[in-house]
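# Residue-level structure breakdown
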Amino acid sequence: MHSPTAWQAKDLLAVTAVTFALYVLSYFVVWALVTPLQQALLPQITAFASLLFLPHGVRVFATSLAGGRAVPGLVLGELAGNLLFWGPFPSAGVLLAVSLASGSVTWCAFEGLRGLRIHAYYLKTTDEPPAYQHLLLAGILASAANAFLVTAILEGEISGGSVTRILAAFMTGDITGLLAVMLAAPHVLRFLVARSARRD
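Residues numbered from 1 in each chain as written. Predicted model: local features only at pLDDT ≥ 70, side-chain atom pairs only at ≥ 80, totals over all residues. Heavy atoms only, no water.

### A word on the pattern of salt bridges
Taken as a whole and assessed by the stated rule, the structure comprises four salt bridges. Note that R69 and D11 form a salt bridge whose closest N and O atoms lie 2.4 Å from each other. Residue R69 is found in the loop between α2 (54-66) and α3 (70-86), and its partner D11 is found in helix α1 (residues 4-41); the two are separated by 58 residues along the sequence. Ionic pairing is found between E78 and R59, a salt bridge with its closest N-O pair at 3.5 Å. Remark: R59 occurs in helix α2 and E78 occurs in helix α3; sequence separation between them is 19 residues. What makes E78 buried here is its relative accessible area of 3%. A relative accessible area of 1% means that R59 is categorised as buried. Connected via shared salt-bridge partners are R59, E78 and D174. (Salt bridge = Lys/Arg side-chain N within 4 Å of Asp/Glu carboxyl O. Helix = DSSP H or I, 4+ residues; strand = E, 2+ residues; numbered from the N terminus. Buried < 20%, exposed > 50% of the residue type's maximum accessible area, 1.4 Å probe, protein only.)

### A closer look at the packing of helix α4 (residues 92-115) against helix α5 (residues 132-153)
At a closest axis distance of 8 Å, the pairing of α4 and α5 adopts a crossing angle of 150°. Judged by the angle between their axes, α4 and α5 are roughly antiparallel. Classified by chirality, the crossing of α5 by α4 is right-handed. Two secondary-structure elements touch here, α4 through V94, A97, V98, A101, S102, V105, T106, A109, F110 and L113 and α5 through H134, L135, L137, A138, L141, A142, A145, N146, L149, V150 and I153. Classifying every residue of the contact of α4 with α5 gives 17 nonpolar, four polar and no charged. (Axes fitted to C-alpha atoms, helices over the stretch in contact; angles between N-to-C directions. Parallel < 35°, antiparallel > 145°, perpendicular 65-115°, else oblique. Left-handed = near helix turned anticlockwise from the far one by under 90°. Contact = heavy atoms within 4.5 Å. Nonpolar A, V, L, I, M, F, W, Y, C, P; charged D, E, K, R; others polar.)

Below is the structure:
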């Protein structure tokens, strides 16, 4: 019989691995499909942001389903995604700061909403799922916080006149990415509920 600590460690490793894989996969889709189209059709849009950033949708749903357990996978996924698909960054410190900020800010937004009695978590598939407007609100708040944090970290790389455009591009990409994932999420959630029911 496994001790609770061993079980929790295995659970955290599993959540981290799945979150990391989905996050890097979503980064790859953006890099392989969205970025070339954006550069061809809208070259004037900043290279710092994608107008369809699927990883933000993964951030929101991973946090909703796993809570704080999603943070390690999101931070590692952000680090890998930035290294493989998004760089170069001016320094390792900037890369790490951006990855830590982007990987943890969504959980902070969820916790802030929970403090206001707005529940966007779906930690057990047997529970009532959160209202989509709560997930959307959490995603918008996380996007806004992430945009300001990343822009502040990259301040030396961004000209003063383009800050507003970059903030708008960050938030546009995050929200469209979240909406795209939200369209696919019901199918994933139905699968998880059915799997949970079979185990019971």
